Each structure stands twice: as C-alpha cells, then as structure tokens.
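Residues per chain are reported as follows:
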Protein chains: 2
Amino acid sequence: MINCQWDKKELEHHLDAASKRYIAKNNIQLYTINAIDLAIKVGMGKRTNTILQSAFFTLAKVMPEADAIKYMKDAATASYLKKGQDVVDCNHRAIDAGATAFVKIDVPASWANAEDKAKEPKYEGKPELVKMVKDILVPVDKMDGDSLPVSAFKDYVDGQFELGAAAYEKRGVAVTVPEWDETKCIQCNNCAYVCPHATIRPFALTETEAKKAPKAAKIVDVKAGKGKGVYKYTMAVSPLDCMGCGVCVGVCPTKAITMKPQEEQLDQQKVFDYCVSKVAEKPDMQDLTVKGSQFKKPLLEFSGSCAGCAETSYARLITQLFGDRMYISNATGCSSIWGGPGATSPYCTNKDGHGPAWANSLFEDNAEHGLGMYVAQKVIRESLAEKTRKLIEQPQTRPALKDAAQKWLDTMDDGEANKEATKAYVAALESNISTIDEAIAFAKSAKAKELFGEDGAKKMLDSDMKRKAAGEKYCGCSACVLAAEILKDKEYLSKKSIWIFGGDGWAYDIGFGGVDHVLAQNEDVNIFVFDTEVYSNTGGQASKASNIGQVAQFAAAGKEVKKKSLAEIAMSYGYVYVAQVAMGANPAQTIKAISEAEAYHGPSLIIGYAPCEMHSIKGGMIHCQEEMKKAVECGYWNMFRFNPANETGKFTLDSKAPKDGYQEFLMNEARYSRLTREFPERAGELFARNEAAAKERYEHLLKLVEMYKD
Amino acid sequence: MINCQWDKKELEHHLDAASKRYIAKNNIQLYTINAIDLAIKVGMGKRTNTILQSAFFTLAKVMPEADAIKYMKDAATASYLKKGQDVVDCNHRAIDAGATAFVKIDVPASWANAEDKAKEPKYEGKPELVKMVKDILVPVDKMDGDSLPVSAFKDYVDGQFELGAAAYEKRGVAVTVPEWDETKCIQCNNCAYVCPHATIRPFALTETEAKKAPKAAKIVDVKAGKGKGVYKYTMAVSPLDCMGCGVCVGVCPTKAITMKPQEEQLDQQKVFDYCVSKVAEKPDMQDLTVKGSQFKKPLLEFSGSCAGCAETSYARLITQLFGDRMYISNATGCSSIWGGPGATSPYCTNKDGHGPAWANSLFEDNAEHGLGMYVAQKVIRESLAEKTRKLIEQPQTRPALKDAAQKWLDTMDDGEANKEATKAYVAALESNISTIDEAIAFAKSAKAKELFGEDGAKKMLDSDMKRKAAGEKYCGCSACVLAAEILKDKEYLSKKSIWIFGGDGWAYDIGFGGVDHVLAQNEDVNIFVFDTEVYSNTGGQASKASNIGQVAQFAAAGKEVKKKSLAEIAMSYGYVYVAQVAMGANPAQTIKAISEAEAYHGPSLIIGYAPCEMHSIKGGMIHCQEEMKKAVECGYWNMFRFNPANETGKFTLDSKAPKDGYQEFLMNEARYSRLTREFPERAGELFARNEAAAKERYEHLLKLVEMYKD
C-alpha cells in the first residue's frame with residue numbers, strides 16, 4: 001500500500017522501475033491510499049499515521065475488522081483525551097475513514113520488465129563538497145549509511161565536513177508549499193524573515209538578471225523604498241527544500257502567499273536555483289531592518305529542524321547578519337541536531353567561501369568551548385597586532401602598506417569595519433611583499449648601491465642568494481619577513497563574531513555553570529539561547545526555564561516553581577549585555593538586540609522565545625510566530641534589553657504593559673491545557689500562580705527601568 | 001637539634017626514654033635551640049623555620065658559614081620583597097640570630113639505659129569511639145598510619161566513623177594560650193563566640209558543680225542578666241587543644257585575656273575537662289544572643305583548621321544552634337579537610353548522643369548531594385506523617401498517644417518545636433504499643449469478650465498466637481502495627497536541619513551550577529558559604545569571589561574583573577532567603593541571619609566573609625575578626641538580609657554607609673599590597689576600580705532597599 005496523491009496513471013509514471021519489477025515478479029497485491037488529503041479533510045492536518053494504521057488492519061485482516069476499529073478507537077481515546085475531546089474525535093474520524101480509503105491496483109504484466117531510466121544526477125558546486133555529497137550524503141540519505149566503508153571518511157578524519165551539503169538533499173517532504181502572488185505582495189519580506197528553512201527568499205535583480213531568469217519566474221518592479229527604479233524584485237520559493245510549515249502564510253499582511261500542492265509548484269525550483277546561484281547580492285538593498293536583512297544570503301539553509309521551528313528562524317537571521325565571519329560553538333540539543341548532522345551541513349558559505357565555522361563539544365561545556373574559540377583567536381590576533389605595529393615601524397615598509405596596516409589596527413575590535421580593512425590589508429601585504437627574485441634584482445640595482453653603498457648592497461645580495469638557495473620564497477628584509485609572518489595567519493586577521501548557541505536545557509540547567517563562568521570573564525562572546533522552556537530534543541523534560549503549571553517529563557502534575565530569571569542573573573554582573581526577544585512579537589527589536597549584542601565589546605546573552613512542536617499549540621506550528629506575539633501581549637514573555645554601554649538608561653523594557661488574555665494564552669497550548677483535564681483543581685491554582693508571577697515580573701521590570709535610569 | 005624552650009634539666013625531664021637511648025647508643029651530637037622565643041623577638045611571630053635553617057647550616061658546615069648566610073639572605077630577599085621590606089628585614093634578623101642560637105648538650109652516659117615510664121593513656125567515653133581512637137587515630141597521629149592492617153578498618157567499611165575523636169588528640173601545638181582574668185571579665189562571651197577551635201568556653205555552674213571543680217578553676221558569680229544569683233560562672237580554656245591564634249584576645253572588650261606560655265597553663269586542662277564532662281548544660285542561660293549562644297555546647301571542636309580560621313568560627317556557631325539535629329553536606333575544600341579528616345572527626349555529639357551527620361561527596365556535586373539528604377528524609381517523613389494520620393484514626397489508639405501524634409504532626413515543619421514533640425511522640429508510641437504477650441493476655445480477658453464477643457475474642461486470640469509463633473514481637477492490631485512501623489523509622493521523625501557547607505571556589509565556581517539548581521528547587525535546605533575570596537585549600541587560585549586587583553594564582557597581575565554577586569543571583573529567584581554576614585563586624589546580625597535562614601521554609605543562602613591565612617593580613621590571623629569589622633566599615637564587604645517571608649521590606653541592609661579608609665584596608669592585606677610593589681601603576685588603577693565598584697555596589701544595595709520596600 002503506497003500513500004500518495006496519484007491516480008493509476010500517475011502511479012505508472014512516478015513509480016521507479018526496480019519497485020515495479022519487484023512487485024510484478026513477486027506477485028504482490030498493490031494498493032494506493034491518499035491519506036494526505038484525507039487527513040486534512042478529517043481535521044488531522046499533516047498527521048496521516050492513524051488513517052494508514054486503520055487501512056492496514058482492514059487490509060491485513062489479522063483480526064475481525066470491527067474489533068480492530070474498536071481497539072484503535074479505544075487506544076486513541078486513552079492516548080488523546082488529555083489533549084481534548086476534539087483531538088479524540090479527529091482520530092476516530094480518521095480511523096473510520098482509513099478503513100475504506102484504499103484503492104486496489106491491478107499490476108500490469110509489463111511491470112515485470114520495467115526498464116530503468118538511469119539518470120545519474122548532476123551535482124554542481126565546489127568539488128570537495130560534491131565529492132562529499134556523492135560519497136557520503138547520498139548513501140546516508142538513502143538510509144544506506146551502514147554500507148559505507150571506513151575509507152569513505154578518510155578525508156574527514158579530523159571531524160571537519162564541508163559546509164552547505166544540505167542544499168543537495170532536496171527532500172521534497174512538504175505536501176503543500178507557498179505560492180507567491182506578486183500582485184498582492186507589498187515586498188515587506190516578513191515571510192522570508194520568519195522562514196525556519198530559508199526556503200522563501202526575496203531577490204533584487206538587475207534588468208539583465210531578470211531577463212535571464214527561467215520562464216516560471218514572477219518578476220516585478222521594486223515597489224517602494226531602496227532599489228525603487230533600480231532593481232526588479234522576486235520572492236523565490238524552493239518547493240523541494242520547503243517543509244510546508246506555512247509560517248510565512250501567517251505573517252503575510254496582504255495574503256499574498258497561499259499553500260499549494262508541492263507538485264504544482266515544482267517549476268519554481270528552477271527559479272529559486274537560478275536566483276541563488278546567478279543573481280548577485282545587492283549590498284545597497286541590505287540593512288538592519290526586517291526588510292533589508294532579508295536581502296542578505298542566509299548561511300543556514302534547509303536544516304532538518306521541525307516544520308515551523310522558531311530556533312532556526314533566529315539562527316538563520318543571525319547568519320544573515322554575521323555569518324561570513326562567525327564562529328559557532330553549539331550545545332548538544334535540537335540545535336546541534338539541526339545544526340550539524342554528519343555530512344548534511346545546513347550551515348553554508350557565501351560566494352567568497354566564507355561561512356560559519358561550527359562545532360559541538362559536550363552538553364555541559366559548550367560555553368567554555370565557545371570562550372576557548374574566542375580566546376584562541378584573540379591571542380593570535382594580539383600577536384598579529386604586535387607584528388603589524390612593528391611592520392609599520394620598519395623604514396622599508398611602503399606608505400600604502402603602512403596605511404592599510406594602520407587602518408586594520410584602528411578597526412581591529414569593530415567587526416564590520418574590520419572586515420573591509422582586513423581585505424585591504426591582506427591585498428597590501430600580498431602586493432608589497434617582495435619575492436626572493438625581486439629582492440635579488442633590487443640588491444643588484446643601482447638604487448640599492450645608492451641607498452646602502454657598494455658593500456651594503458653586496459652583503460644584501462649575498463644574503464638573498466643564500467636565502468634563495470635555502471628555498472625561501474620571500475625577501476629577507478625585516479619588513480618582508482614580518483609581512484610573510486602576518487600573511488601566514490591571514491585567516492585570523494579579521495575580527496570574528498563568536499556565538500555560543502544552545503537551548504534552555506543547556507543554558508538554564510546543565511551548562512549554566514559554564515554560561516555563568518563565561519559571562520563573568522568579560523570577554524567579547526555572544527550567547528544565544530533558544531528558549532523552548534523544555535528539553536525539546538531529549539523528549540520534553542522540564543528545565544528551569546519551564547513555567548508554573550507546565551506539564552513535562554519530571555513535572556507530570558505541572559511544574560511547581562516559576563521560571564528562572566536567567567536574564568536577571570546575567571544582569572547582576574553589570575558588564576554583560578542582556579536581552580530577551582520574541583521575533584514574532586517584535587521583529588525589529590530582535591534585530592536591534594542581536595546587533596547591539598554583537599557590537600558590544602564584552603559578553604552578551606540573548607534569550608529568544610522559541611515556541612516548539614512540544615508546546616502543542618492549537619492549530620500547529622503554522623501559528624508559531626503569532627503565538628510569540630500573543631505571549632508578549634499577555635505578559636507571558638517579556639522583551640527587554642540591558643546594555644552596559646548605554647551611559648543613561650542601561651535597561652530598556654520593550655514590552656508594553658500586558659493586556660488581558662493570559663489564561664486564554666495558556667489554554668491555547670496543550671502543554672498547559674492538558675493539566676485542566678488531568679488535575680483540574682490543581683491546574684486552576686497553578687495557572688493563577690503562573691499569571692500572578694508574570695504580573696509580578698512585569699512590575700519588577702518596571703522597577704528595573706527606574707533603578708537603571710542613571 | 002631539638003627546638004624547645006627547655007633548659008638542660010627540663011630536657012632531661014621531658015625527653016622520652018627511647019630517644020635518650022637512641023641518642024646515647026649512637027653517640028649522636030645533641031643541641032637544643034629555643035627558636036620559639038627567638039622568632040617572637042626578631043618579629044617573625046610563630047614562624048621558626050628561618051631560624052632553624054640558619055642554625056642547621058652553621059652546625060652542619062656543608063659550606064662556609066658566611067656563604068651560607070649570604071645565600072640565605074639573598075633567597076629571603078628574593079622570596080619576600082614582594083611582601084615588603086619589613087618582612088625581608090625580619091627574615092634577615094632571623095638568619096643572623098639562628099646562626100648562633102643553639103646550645104650544645106652533653107649527653108649523659110646514663111641515657112643509654114634510660115627506662116620507659118610506660119603510661120598507657122586512659123581513654124574515657126563511648127566504647128566504639130575509644131576503640132576507634134586506639135586502633136586508628138593514635139597510630140595515624142603518630143604518622144604511623146601506613147602500619148595499620150586492612151582489618152583495622154573492618155568496622156568502618158561503609159565509610160562511617162565515630163563522631164568526636166578530635167577531642168582525644170590533645171595536640172598541644174600552641175606556644176601560648178589564653179589566660180582568663182576573672183576579675184576583669186564582664187562575661188560577654190565574645191571570646192568563645194569567635195574561637196575557631198572551641199577551646200575557650202563559658203560555663204554556668206550550680207553551687208554543687210562549682211564546689212566539685214578542680215582546684216585550679218577560677219569560678220565567680222554570674223555578674224549580670226540571666227542566671228545572676230542562680231549560677232556561678234567560669235571561662236574554661238583547653239591549653240592542649242588551643243591553636244594559640246589569639247583571636248579571643250582581640251575581641252575582649254576589657255583585656256581580661258592574655259596569652260601565656262602553654263606549659264604555665266596546663267593546670268587549666270583539668271578544669272576544662274571537668275566542665276565539659278561534668279557540668280550540665282543550662283538551657284535557661286541559652287538563647288539566640290551572642291552571649292546566650294555560647295552556653296550551648298559546640299558540636300564542632302578542636303578541628304585541624306589554621307589558627308584564627310574564620311570558617312570554623314562560623315561552623316562552630318551553627319552547630320551550637322542546630323547541631324543536635326543537623327545534616328551537613330560538605331564541599332571539597334578547606335572545610336572538608338578540617339571537617340572530616342579520616343578518623344579524626346571534630347564534629348561531635350551532645351550528651352544524648354546527637355550531633356551533626358556529616359558527609360562529603362565531590363567538589364562539583366555538593367549542593368545536589370545536600371538536596372538529596374533533604375529529599376530522602378522528606379520522603380520518609382511524609383510517609384511517617386501518613387502513618388501517623390492513620391494511627392490517629394484507629395479506634396484502638398489511646399487518647400494520650402493521639403495527642404502526642406497530633407502535636408508531632410502540627411509541628412512537623414518547625415525544627416525547634418518538633419524536637420520536643422518528637423521526644424514525646426516516641427515515648428508515647430513506646431509506652432502505648434502492646435507486646436504480643438500483652439495482646440494475648442487481652443484477648444483472653446473478659447474485657448475482650450465484652451467488647452468483641454466470644455467469637456471475636458477467640459479469633460483475636462488465634463491470630464495473636466499465630467503471630468507469636470511467627471516470632472512477631474508486637475500486637476497485630478492495626479494501631480500497634482502502625483506504631484511499630486513508625487518506631488522503626490523513629491530517627492527520621494524529628495525535623496532535621498539540612499546544611500550545605502563549602503567555600504567560594506565551590507559556591508561561586510565549580511559547584512555553582514549545583515548551588516543554583518538546588519536553590520531553584522524551593523526546598524528547605526540551608527547553604528553556608530565560607531567566602532575567603534580565593535581557593536584556599538588548593539593553593540590560592542582566584543575564584544569568581546576574588547576581587548579587582550587581588551593577587552592570586554591565575555591572577556598574578558591582580559584580578560581584572562570584579563567579584564561576582566552570588567547573593568543577588570540567588571535573590572533573583574524571589575523565594576530564596578539570602579544573607580551576607582561578617583561575624584567580626586556584627587556578631588548579632590550573624591546569629592540573626594543564621595536563625596532566620598534556618599527557620600525559613602525554603603532554600604537559604606548565607607555568605608560569610610571569612611578572612612584567611614591566604615590574605616596575609618598585617619600582624620597575622622589574630623586580627624581576623626577585627627579585619628572583618630574594617631572590611632564592613634569601609635564598604636569592602638556588605639551585610640544584608642533578603643527574607644522572602646517578610647511581607648513588607650524583604651531586603652534589609654545591615655551595613656552602614658561606608659566610612660573612609662578603603663585603600664588603607666586593601667593595603668593592610670598583602671594579597672592586595674604586594675601588587676603595589678610588583679605593578680605599581682596597574683595597582684593604583686585596579687585599586688581605584690575596586691573602590692569604585694564597592695561604592696557602586698553600596699549605591700545599588702540602597703536601591704534594592706527601595707525596590708523591595710513593598
């Protein structure tokens with residue numbers, strides 16, 4: 001039984017030859033079932049398993065059909081009553097529907113001789129990456145990783161994998177994907193801003209780029225603001241990378257996006273691929289607004305995170321801002337799973353080959369591991385600065401190189417400015433350093449004799465000849481020696497942006513000792529916490545970020561104590577930049593906090609509210625961003641920024657006074673609402689305490705504004 | 001060469017026969033030297049090593065004397081110049097003095113036949129303890145522990161040692177010990193309050209007790225307040241347990257204590273031993289004042305901590321308040337070394353055999369370990385409460401037992417009240433439970449037939465006979481069964497006082513993740529941090545409690561960042577009792593904080609400022625308590641209490657506004673002042689920052705008072 005939306009003819013077309021031969025030769029009874037549409041119809045959304053189970057029992061006849069249906073319904077009641085009667089009803093409808101929804105397919109005799117239309121896929125890109133994709137990614141994706149010989153990994157023995165492999169997966173797992181209506185779109189880029197998988201992206205195109213685009217491209221003028229009258233605009237969608245979460249639909253202010261069956265949208269793949277590979281980035285369209293940030297290439301794409309995941313939306317945004325000079329130390333947890341599965345790297349590079357350097361050590365030492373990354377490059381850069389100062393002092397150093405060196409020194413703590421200064425400095429070093437042959441020619445020249453006398457020039461020539469004989473490539477004068485030493489470490493010249501990523505289980509609990517220790521050191525590192533208020537990856541255990549009344553593993557009767565104030569703990573140091581953000585509630589505040597944190601010359605901690613599949617939000621993760629907004633509006637989550645660099649008013653409360661609707665917010669998520677069914681009285685008490693604690697917290701934040709006013 | 005204060009005659013008297021024989025038979029050249037008095041004379045205080053070294057080189061003649069003296073002086077200059085020229089000068093004087101201070105002793109021929117006056121010491125006390133002292137403590141104290149066979153430990157295979165062994169050591173290491181002048185004394189008990197080793201203790205005696213006291217006892221009337229006209233008073237000193245720190249001298253307001261050579265005071269040992277073993281505790285003299293607390297028996301005595309140690313003064317005080325119902329989980333560090341050396345337990349028991357149950361796990365899990373102690377007894381007590389409620393419901397339960405049971409239930413969360421209630425409850429259980437023979441007698445009685453009928457009484461009798469045959473000891477009725485079950489766990493009935501002890505290296509750094517996690521759980525545990533602002537036990541590494549400009553291992557050029565605000569971090573939870581104390585600055589505030597913390601039905605954290613040998617305070621640890629006072633007066637350390645149970649004004653700032661003298665305070669401790677010699681410019685800058693941070697902190701505390709006003 002194959003679950004598909006195909007009729008018999010389409011099945012004939014899509015089914016691969018090997019399967020056809022196997023079915024025909026083994027006389028296998030074949031059925032199809034369209035559980036996908038059926039699930040939507042009965043209210044199960046994307047969950048097809050109950051329908052398939054019911055169909056299986058009817059077909060397999062391992063017990064009388066009526067008994068099977070009764071047992072399945074009883075099991076569904078037992079499993080889901082805690083989540084509400086409506087969920088139980090949906091499951092019962094799915095069981096009834098599944099029992100009759102299959103279609104018998106008569107297998108044509110011709111299938112026994114079906115022929116393979118062997119199509120070796122053509123992979124384009126960096127050769128090392130293509131090799132890794134062919135040798136490892138493809139077999140692993142086919143669940144055939146066990147067949148790989150040890151020798152397949154010989155190029156990766158130190159654990160380093162190529163970036164960007166996820167783009168080769170093209171899993172095509174979404175049933176429906178966004179269709180963009182260019183006529184309704186106001187080009188706000190909200191859809192791209194929230195997309196967890198970077199599969200919907202705006203592009204600004206020149207006339208020429210627009211003309212060369214595939215036919216299916218929908219290209220319009222830039223309607224307003226930057227680039228108006230200069231560029232064309234399109235919103236490209238990758239149907240084969242999209243997870244179908246629909247978050248983009250939810251945030252579109254003009255209903256310019258609708259979800260359509262993936263197959264109908266497959267012609268958009270070419271458009272997306274063209275835009276990504278052929279359309280140049282337009283720096284003049286890029287800035288730190290929600291809209292402008294989305295014209296930057298995401299350096300995290302097509303990860304394996306759940307559909308609608310808020311964590312990847314935050315992480316993707318950060319890579320758009322600093323990905324080309326970013327180091328990431330990642331805690332164990334969801335973010336290490338979607339961030340670094342072996343051979344399927346979703347972190348990728350820009351056209352210069354620059355992208356996030358990513359690593360994961362242990363659950364409990366991630367902050368320290370990230371601090372080590374920082375300290376290592378700080379020590380190397382301090383030594384490079386020392387050499388640069390000496391280089392400037394050398395009389396032989398040419399003025400252009402001196403200028404470039406000084407500019408690099410002047411900007412060495414400023415990430416953005418140092419990026420350009422480093423490029424210029426490296427170019428100046430490379431063009432000013434003399435090769436050993438140039439040095440020999442100079443020593444022989446009249447100029448050398450004029451400057452250093454006959455004897456001096458002779459000595460110089462002797463020394464240069466010896467160097468050449470010893471295999472040295474560069475001139476042996478002090479300036480050239482310094483320049484060569486600096487160039488040897490040129491990859492460390494530019495200021496890096498150090499990020500330490502992890503979830504609340506890591507930051508609030510298991511790795512908290514390290515988080516605290518690293519913040520205390522007053523070094524320039526940035527910590528981003530994906531706060532799902534629960535251990536998501538390990539199966540939903542309560543963390544100290546979980547809140548009163550929340551049901552989780554180890555808190556089956558609702559958590560007793562309130563959420564820990566990690567932000568306030570960090571603020572107690574006085575020299576730590578601290579922010580709480582919720583991108584769905586205030587996307588601009590999120591960018592502001594991330595930019596301020598990165599620019600602050602000291603430790604930073606940003607805690608991002610991240611609704612999660614584990615929260616069981618009513619209607620599903622399509623409402624992820626909307627749920628953040630609700631959380632902030634009712635005061636469940638507070639947004640603020642504590643900036644030690646702000647001489648006046650270090651603490652800014654970005655959340656408005658809470659509106660009503662606190663209990664409604666809790667009831668919208670089964671992580672809370674289930675308690676009302678399991679322990680109704682206790683639920684009432686805990687939820688009241690939860691709300692009271694939130695009110696108290698907001699009052700406290702107001703007092704902090706007052707306290708940090710001057 | 002023997003270092004002693006003895007002349008030839010005294011040496012003849014004191015030296016043991018085995019040594020005499022060995023010296024005489026091996027024709028050993030014998031010298032004495034009184035480095036003790038000499039060290040005091042040249043300004044080295046108790047440090048005799050330099051004098052002895054110098055004497056050794058002069059006597060041994062391994063090199064010309066003048067060379068040896070020059071080398072030693074150069075080495076002293078190199079080692080101590082960082083600590084100041086005065087320290088160097090002292091050492092040079094000691095080297096000069098040591099070179100000639102020895103005295104040649106002509107060994108009498110009679111020594112070859114010296115006879116042992118074998119005196120097997122007589123140990124009194126609990127037999128198990130005496131056995132452990134003889135079998136393990138005595139050989140270990142003689143540095144002969146390696147000679148012990150494995151079988152010596154067979155009674156301690158689970159790691160449990162008897163409490164109170166330290167009292168058998170009588171090490172007699174102090175050169176001078178306090179002499180108490182009963183005429184000058186105003187009986188404030190300050191000396192006992194600060195004593196790190198519990199070797200100076202006030203006693204209130206009845207007439208009879210006073211009369212039976214050894215002759216050397218100095219006994220006067222109670223001069224004022226409680227006990228006046230009722231009791232006699234003495235301040236007993238234990239010369240053989242005293243470490244000679246002199247802290248008691250420093251805190252005496254009337255100069256009633258002077259330090260005298262130990263040997264002169266040896267007659268006081270009997271007085272002390274008499275008071276400890278024969279004088280009854282006087283509960284009517286005990287209360288929560290500085291004075292009243294010292295009439296309670298310390299349950300931590302004669303530990304191996306350094307002379308003048310502030311840690312043991314705090315710990316001793318806590319045992320006086322709650323020691324008879326205390327569990328201690330101890331972090332690794334100084335407090336685990338002085339708290340639990342194998343076989344030399346300084347924690348001890350009162351006359352009922354109750355004393356602190358002490359254990360140490362790992363450096364990094366101490367808080368969790370302590371929480372486990374709490375949770376274990378909580379679970380057992382909840383089960384006991386459940387059984388007690390059932391017991392009350394049984395019709396057979398007699399009224400007196402019901403009353404006692406109810407009183408136990410009513411007080412079960414209140415440590416002090418529950419202590420007496422438990423005693424009464426256990427007595428009631430024991431006297432009300434029927435033995436199986438009593439039950440049989442009752443079943444045979446007319447009363448039984450009257451109450452339960454002929455058949456009922458018969459059934460009862462049959463059942464009781466069966467129980468007896470099966471070896472059961474108690475009556476099988478539901479009330480007696482419950483009572484027997486409760487009695488089985490009677491040691492868990494009374495509410496315990498759970499304490500988690502450790503230093504700043506543990507609480508601020510290595511164990512901080514656990515401290516935070518335990519505080520977050522909102523359970524009734526008490527954490528006391530001995531804050532020496534440095535890893536004392538492992539050799540002086542900087543911790544996050546170290547302050548700006550402090551010189552330590554890993555901070556050789558003075559620590560860069562300010563002290564972490566552990567107290568404020570704990571306050572962020574809102575439901576944690578938090579206090580900072582400094583007993584030398586305000587002894588009453590210290591007792592208040594400790595009592596409030598213990599009474600609070602939730603987690604508590606007390607951070608005690610603990611000057612340490614490592615601070616190199618000018619003049620030595622005799623000034624320990626005085627240094628705390630200075631620290632608080634200049635604003636280096638702040639005292640406060642945050643009590644969540646206080647509905648109005650949770651936060652109380654107990655420190656007054658800082659006076660001048662901040663830099664003088666820093667300069668009084670070589671952990672700071674040495675930086676002025678090593679890095680004078682940096683020292684100035686860091687010390688100014690240290691003072692500025694202290695000012696800012698006090699301002700911040702004032703704001704907290706305001707913030708938590710309602």
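Reading the values: the criteria
Residues numbered from 1 in each chain as written. Chains lettered and ligands numbered in written order. Predicted model: local features only at pLDDT ≥ 70, side-chain atom pairs only at ≥ 80, totals over all residues. Heavy atoms only, no water. Helix = DSSP H or I, 4+ residues; strand = E, 2+ residues; numbered from the N terminus. Buried < 20%, exposed > 50% of the residue type's maximum accessible area, 1.4 Å probe, protein only. Contact = heavy atoms within 4.5 Å. Areas by Shrake-Rupley, 256 points an atom, 1.4 Å probe, with all protein chains shown as cover. Lys, Arg positive; Asp, Glu negative; His and termini not counted. Charge placed at Lys NZ, Arg CZ, Asp CG, Glu CD. Pairing = 2+ DSSP bridges. Axes fitted to C-alpha atoms, helices over the stretch in contact; angles between N-to-C directions. Phe/Tyr/Trp six-rings, centres within 6.5 Å; stacked < 30°, edge-to-face > 60°. Lys NZ or Arg CZ within 6 Å of the ring centre and 35° of its normal. Patch = residues over 30% accessible without salt bridge, like charges linked within 9 Å, V, L, I, M, F, W, Y side chains within 5 Å. Salt bridge = Lys/Arg side-chain N within 4 Å of Asp/Glu carboxyl O. Buried area = accessible area lost by both parts, 1.4 Å probe. Polar contact = N/O pair within 3.5 Å; in protein donor to acceptor, adjacent residues only side chain to side chain. Nonpolar A, V, L, I, M, F, W, Y, C, P; charged D, E, K, R; others polar.

Enquirer: Just to check I follow, could you spell out the overall build of chain A for this structure?
Expert: Looking only at helices and strands, one finds 28 helices and 16 strands in chain A. Considered along the principal axes of its C-alpha atoms, chain A spans approximately 110 × 75 × 55 Å. A total of 710 residues make up chain A; the buried ones form 51% of that total. Intrachain contacts of chain A at a sequence separation of at least 6 include 76% that bridge at least 24 residues. If you sum the accessible surface of chain A, you get close to 32,200 Å²; carbon and sulfur atoms cover 55% of it. Distance from the positive charge centre (91 side chains) to the negative charge centre (95 side chains) of chain A: 3 Å.

Enquirer: What is the right way to read the sheet that holds strand S11 (residues 497-503) of chain B from this model?
Expert: In sheet architecture, strand pairing relies on hydrogen bonds along the backbone and comes in two forms, parallel and antiparallel. Residue and element names in this part refer to chain B. Strand order across the open sheet formed by 8 strands is S10-S9-S11-S12-S14-S13-S15-S16, with mixed pairing between neighbours. Two strands bound the open sheet, and with one partner strand each, they are strand S10 (357-360) and strand S16 (651-653). Each strand of the sheet is rotated relative to its neighbour by a mean of 15°, with strand direction disregarded. Pairing of strand S13 (residues 577-581) with strand S15 (residues 640-642), which is carried by 3 bridges, proceeds in the antiparallel orientation. When the bridges of S15 are listed, Ala579 appears paired with Arg641.

Enquirer: Even after reading the chapter, I still don't get the packing of aromatic side chains, so can you show me in this structure?
Expert: Scanning the entire structure with this criterion turns up 55 aromatic pairs over all chains. Geometrically, the ring pair formed by Tyr573(B) and Tyr575(B) is tilted, given 5.8 Å between the ring centres and 50° between the ring planes. Summarising the burial analysis for this pair, Tyr573(B) and Tyr575(B) share the class buried. Among the aromatic side chains, those forming a connected cluster through ring pairs are Tyr314(A), Phe322(A), Trp338(A), Trp499(A), Phe501(A), Phe528(A) and Phe530(A). One Lys or Arg, Lys170(A), reaches over the ring of Phe302(A) and ends 4.9 Å from the middle of that ring. Residue placement shows Lys104(B) over the ring face of Tyr31(B); its charged tip is 5.2 Å from the ring centre.

Enquirer: Explanation requested: a nonpolar patch on the surface in the structure shown.
Expert: All names here are of chain A. Together, Phe442, Leu451 and Phe452 make up an exposed nonpolar region whose accessible area comes to about 290 Å². Mapping Phe442 onto the fold places it in helix H18 (residues 436-444). Owing to a relative accessible area of 32%, Phe442 belongs among the partly exposed residues under this scheme.

Enquirer: So what exactly am I meant to see when it comes to the interface of chain B and chain A here?
Expert: Where interface size is quoted, it is often the accessible area lost as the parts come together. Of the residues lining the interface, 24 residues belong to chain B; the matching set on chain A comes to 24 residues. Where chain B abuts chain A, roughly 2,000 Å² becomes buried across the two surfaces, and 63% of that area is made up of carbon and sulfur atoms. Our enumeration of links across chain B and chain A arrives at 4 salt bridges. Between Lys544(B) and Asp516(A) there is a salt bridge, with the nearest N and O atoms lying 3.8 Å from each other. Between the two partners, chain B and chain A, sit 8 residue pairs in polar contact (both at pLDDT 80 or more). Only helix H22 (512-520), helix H23 (566-571) and helix H28 (680-707) of chain B provide two or more residues apiece to the side of chain B that touches chain A. Here the side of chain B that touches chain A gets 5 residues from one element, more than from any other, and that element is H22(B). When grouped by side-chain class, the residues that make up the side of chain B that touches chain A number 10 nonpolar, 7 polar and 7 charged.

Enquirer: Please explain the side chain of Asn366(B) as it appears in this structure.
Expert: All names here are of chain B. Note on placement: Asn366 falls in helix H15 (residues 366-393). A polar contact is formed between the side chain of Asn366 and the side chain of Ser329, at a distance of 2.6 Å. Ignoring anything within four residues of it in the chain, the contact list for Asn366 reads Ser329, Asn330, Ala331, Ile500, Phe501 and Trp506.

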